[in-house]
Structure formats: structure tokens, C-alpha cells
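# Residue-level structural notes
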Amino acid sequence: MATILIHHDAVSAASATAKRLLDLLVSKPDASLGLATGGTMEQVYAQLIERARGMNLSFAGVKSFNLDEYIGLNADHPQSYRTTMSKLLFDHIDIKPENTHLPRGDASDPAEEAKRYEAMIAELGGIDLQLLGIGLNGHIGFNEPSSSLGSRTRIKKLARSTMAANRRFFKPDETVPTHALTMGIATIMQARKIILLATGASKADAVAKALEGPVSTSCPASILQFHPDATVIVDEDAASKLELRDFYESIHPGGEEVYFVK
Ligand code: PGA
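To keep things clear, this report deals only with the structure shown in the data block. Position labels on residues start from 1 in each chain and follow its written sequence. Totals for whole chains, interfaces and linings use every residue, but because this is a predicted model, local features are given only for residues with pLDDT of at least 70 and side-chain atom pairs only at 80 or more, for both listing and counting. Computation of side-chain values covers all heavy atoms of the structure but excludes hydrogens and water.

### Regarding the sheet that holds strand β8 (residues 179-182)
- The criterion for strand pairing is that DSSP finds at least two bridges linking the strands in question. Helix and strand labels come from DSSP, where a helix needs a run of H or I of at least four residues and a strand needs a run of E of at least two; each type is numbered from the N terminus. On the basis of which strands lie adjacent, the open sheet formed by three strands has the order β4-β8-β7 and antiparallel pairing. Strands with a single pairing partner mark the edges of an open sheet, and in this sheet they are β4 (68-70) and β7 (154-157). Averaged over all pairs of adjacent strands, the angle between their axes in this sheet comes to 30°, without regard to strand direction.
- Taken together, the four bridges between β7 and β8 define a ladder with antiparallel strand orientation. Along β8, the bridge assignment pairs K156 with A180. Inter-axis angles, ranging from 0 to 180 degrees, are taken between N-to-C directions of lines fitted to C-alpha atoms, where helices are fitted over the stretch in contact.

Given below as C-alpha cells:
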């Protein structure tokens, strides 16, 4: 079972997530970070930038691999995840642009691009810490329900609910892409450490299903129950449907990690 940390609010949950990223970078300045997009991550990246500045922390040795990218959008498209990541993070830190990796949404052969991306992650040594959000339907990356738990980076059709949720990032006259290239569930599970961050009441059902339901393709995030080093950071709203909430809070009051001292 993952470590479940319930924070009072979304700001505190994002702050705890940013702190874990910083702790890793302090101990391993050349870490490989698996990054995610989505509204939930905006606060994490804002805090990461601010705190890294305060600590004079360099990202010059860091490599990053994003989970996914829309098919059909070139890197410069305002809604591409490449542009989003530049705006939210890359433009504000000293990470080397050549060390920031996302699948190429405008590749002429997306299936080949998926294979290239998967192989590149392995060739560059894999991912030390993968950051994840969770979709309303329990997706991680763009692995929608029914995704194989053994899947690798590939083309995925987006669920209607995902397209509706992502509509808010596009202008009214723009079409929301229907397909994406996404790391697979097995790709994600190979990360040495995983942090899933979920905030807000709209995520409460997905969080409960992922953490307390059966491990099933109907909720891709439930696979984290099998990961040896997964931490799920939530705010009280996202935790509101957890049956064992009291128990999790008794182990980690206020979302703090408490260790036994012999
Ligand atoms: P959100 O997306 O942070 O915008 O809610 C999360 C996700 O779909 O993985």
C-alpha cells in the first residue's frame, strides 16, 4: 500500500509535493524527474521554482520526462504540453532544454515516436521520481480505464470525460485533441519512486477507488497499490471518500511523515 498523506488543504499538499522533489534534488542533483501537466501541478511547480531560488538550487544536471503529449499539436502550439511545461517550469529554472523530454505530438509516425520515447527513458537510466495527477476516471498519464496494466508508451484515445475536463485549457473555437502519446502503466510503474497528488472534492471518488478498490484496469491508478515506493498526497476534500481515512490520519497526522524510532 502506498503511503497516504492527508493535508489540510491544496496549498499544503502541493507544498509537501514540492518539498519531496527538492529533497531528491539536494541528495541527487542529477536526478531524472518524471513530470506531469494538469491544473493540480501548477501550484507544485510554482512552489518548486520559488523554493529552489531561495536555496540556490541548480537544475543543470537534472533530466525530465513528461508523461504525455497531445497528438497533432506541434511543440510551439500554445496548448501543447511542451509549451505548458516551459511556461510553468522550464523557463524559470536552469534545466538544460536538451534534457527536457516530452513525446513529440507532431511526429509523422506517432507509433514510432512512442517506441522511441519508451526506449529513450530506459537508455537514459529510467526515472527516479515520477509525479502523477489522477483523472476523474482514475487515469494516470493518459492511460484511460481499460488500459493494459502492462502497457508501454503508445497512442491512446482520450475518454470523453478527459476531453471535457481539458476543454478549459483551450479557446472556445479550438478543438480539444482526441488522441495522445502517453507513457504506459508499466512505464510509470518502473519509476523508482512515485508521488501522486490529488486535490479537491471532484477527485474523491477516483482517489477512493485507486487506494481502496481492487487493482483493476477500470481504475488505472489502482496499480500503485503494487508499487514499492508510492506516496499519495491529498487534501481533505480529495480524501473525503476514503473509508480508512481515520487510520491514515493516525499514522501521518496532518500529512506529516512520522517514523518509528527504536
Ligand atoms: P488535473 O488533471 O490536475 O487538471 O485535474 C489531472 C489528470 O488528469 O491527470
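And the narrative resumes.
### So, the sheet that holds strand β9 (residues 193-198)
- With parallel pairing, the seven strands of this open sheet are ordered in space as β1-β10-β9-β6-β2-β3-β5. The open sheet has two free edges, formed respectively by β1 (3-7) and β5 (100-101), since each of these has just one partner strand.
- Where strand β6 (residues 129-132) meets β9, four bridges bridge the pair, whose relative direction is parallel. Its bridge partner being in β9, Q130 is matched across the sheet by I194.

### Here's the deal with the side chain of E144
- Turning to its location among the elements, E144 is positioned in the loop between β6 and β7.
- Of the side chains bearing the opposite charge, K156 lies closest to the buried E144, which forms no salt bridge; the N-O distance is 7.8 Å.
- Polar contacts involving the side chain of E144 include one to the side chain of H139, which spans 2.8 Å.
- Look past the residues within four positions of E144 in its chain and what remains in contact with it is N137, H139, K156, K157, L158, A159, T162 and P220. When a residue's accessible area, from a 1.4 Å probe over protein chains only, is under 20% of the maximum for its type it is buried; when over 50% it is exposed; and in between it is partly exposed. Only four residue types enter the charge count: Lys and Arg as positive, Asp and Glu as negative, with His and the chain ends excluded. Criterion for a salt bridge: a side-chain nitrogen of Lys or Arg within 4 Å of a carboxyl oxygen of Asp or Glu. Nitrogen and oxygen atoms within 3.5 Å of one another constitute a polar contact, given that in protein one can donate a hydrogen and the other can accept it, and given that sequence-neighbouring residues count only through two side-chain atoms. Any two residues having at least one pair of non-hydrogen atoms within 4.5 Å are treated as being in contact.

### Some remarks on the pairing of β1
- Within β1, four of the five residues are buried, which leaves the element mostly enclosed by the surrounding structure.
- Relative to strand β10 (residues 230-235), β1 is paired through five bridges, and the arrangement is parallel. Paired with T3 across the two strands is T231, which belongs to β10.

### Quick word on the nonpolar core
- Ranked by size, the top nonpolar core spans 77 residues in total, and within it V44, Y45, F59, L89 and L196 carry the most contacts.
- Top element by residues in this core is helix α1 (residues 10-27). It accounts for eight residues. Residues belong to one nonpolar core when they are buried, are Ala, Val, Leu, Ile, Met, Phe, Trp, Tyr or Cys, and are joined through side-chain atoms within 4.5 Å.

### With respect to the side chain of T17
- For T17, the position within the fold is in helix α1.
- Only 2.9 Å separates the side chain of T17 from the backbone oxygen of A13, close enough to count as a polar contact.
- In contact with T17, other than residues within four places in its own chain, are V44, L131, I195, L197 and I233.

### Details of helix α4 (residues 110-123)
- Working rule for helices: expected span equals 1.5 Å times residues minus one. For α4, which comprises 14 residues, the first-to-last C-alpha distance of 20 Å matches the rise-based estimate of 20 Å (1.5 Å per residue) to within 8%.
- Residues of α4 that are buried include every one of E113, A114, Y117, E118, M120 and I121, and no others. For α4, the buried positions fall inside an angular range of 160° around the axis, keeping them on one side. Exposed residues pointing more than 90 degrees away from the buried face of α4 are listed as K115, A122 and E123.
- Considering only its buried residues, α4 is in contact with β3 (63-66), β5, β7, β8 and α6 (185-189).
- A positive phi of about 100° marks G125, the residue just after α4. Starting at the helix axis, one direction is taken to each C-beta atom, and the arc is that of these directions.

These results come straight from atomic positions and should not be treated as a statement about function.
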